[in-house]
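What follows is each chain in one-letter form.
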Amino acid sequence: MMPSGGSYSSDWLRIAERDLGRAERLLRDPDPDAELAAVCLQHAAEKFLKAFLLSKGWPWRKIHDVEALLDDAVAYEPSLERFRRPCEAVAKYYALNRCPMSASFDMRAADVLAVLENLRGLFAFVRAAAPPPKS
């Protein structure tokens, strides 16, 4: 069982920020790697939500489903429901590094960037609500 609580949530927030930075750098590249950016963005969203949940006393569970994590977060803060659509979009990115995608799957950097922009409010909320990362 993993520890929980405010100090542990700051560790998740620190790692979430690192994953977010990776996604942003990949999307700024002149030849962006949209698939890798999408995976990094999914990891960031997952970890931002875990940071928030752990700061609220959420009992740790091993989970990678951003939509389920959002469900849990909404139980603590109903206003987070407004991030449902971008969380649904980013949840699909988890499969990118877990199973082969069909040849018809076309990941575009512009689409990943749009999801990122729609998640910025969630990330800002978590930064304000969860303890700051350790230096």
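Let us look at the structure shown here. Chains are numbered independently. Their residues run from 1 in the order of the written sequence. For this predicted model, a pLDDT threshold of at least 70 governs which residues receive local features, and a threshold of 80 or more governs which side-chain atom pairs are given and counted, while totals over whole chains, interfaces and linings are taken from all residues. Each side-chain value is worked out from all heavy atoms of the structure, with water and hydrogens disregarded.

### Notes on the nonpolar core
So, step 1. For this analysis, a nonpolar core means a set of buried residues of the types Ala, Val, Leu, Ile, Met, Phe, Trp, Tyr and Cys, connected via side-chain atoms within 4.5 Å. Any residue under 20% of the maximum accessible area for its type is buried, any over 50% is exposed, and the rest in between are partly exposed; the area is computed with a 1.4 Å probe on protein chains only. Counting 45 residues, the largest nonpolar core has Leu 41, Val 112, Leu 119, Leu 122 and Phe 123 as the members making the most contacts within it.
So, step 2. Taken together, the elements giving at least two residues each to this core come down to helix H1 (6–28), helix H2 (34–55), helix H3 (66–76), helix H4 (84–91) and helix H5 (109–129).
So, step 3. Broken down by element, this core gets its largest block of residues, 13 residues, from H2.
So, step 4. Only heavy atoms matter for contacts: two residues are in contact if any of them lie within 4.5 Å across the pair. Setting aside chain neighbours within four positions, we find Leu 41 in contact with Leu 20, Ala 23, Val 90, Tyr 93, Val 112, Val 115, Leu 116, Leu 119 and Phe 123. Every helix listed is a DSSP run of H or I at least four residues long, and every strand listed is a run of E at least two residues long, numbered separately from the N terminus.

### Quick word on the side chain of Gln 42
So, step 1. Locating Gln 42 in the fold gives a position in helix H2.
So, step 2. Note on Gln 42: relative accessible area 1%, which makes it buried.
So, step 3. Engagement of the side chain of Gln 42 in a polar contact is seen with the backbone oxygen of His 64, the distance being 3.2 Å.
So, step 4. Those residues in contact with Gln 42 that lie beyond four places of it in its chain are His 64, Val 66, Val 90, Tyr 93 and Tyr 94. Between N or O atoms, a polar contact is any pair within 3.5 Å; within protein, one atom must be a potential hydrogen donor and the other a potential acceptor, and residues adjacent in sequence are included only when both atoms are from side chains.

### Overview of the packing of H2 against H3
So, step 1. Taken N-terminus to C-terminus, the directions of H2 and H3 make an angle of 30 degrees; their axes are 10 Å apart at the nearest point. Regarding the angle of H2 to H3, the classification is roughly parallel. Relative to H3, H2 is oriented so that their crossing is left-handed. Across the interface between the two elements, Gln 42, Ala 45, Glu 46, Leu 49, Lys 50, Phe 52 and Leu 53 from H2 touch Val 66, Leu 69, Leu 70, Asp 72, Ala 73 and Tyr 76 from H3.
So, step 2. In this classification, the charged set is Asp, Glu, Lys and Arg, the nonpolar set is Ala, Val, Leu, Ile, Met, Phe, Trp, Tyr, Cys and Pro, and all remaining amino acids, among them Gly, are polar. Its residues assigned to classes, the contact of H2 with H3 shows nine nonpolar, one polar and three charged. Axis definition: a line fitted to C-alpha atoms, limited for helices to the stretch in contact. Angles are taken between N-to-C directions and run from 0 to 180 degrees. Our angle categories are set so that under 35 degrees counts as roughly parallel, over 145 as roughly antiparallel, 65 to 115 as roughly perpendicular, and the remainder as oblique. Crossings are assigned a handedness: left-handed for a near helix turned anticlockwise from the far helix by less than a right angle, right-handed for a clockwise turn.

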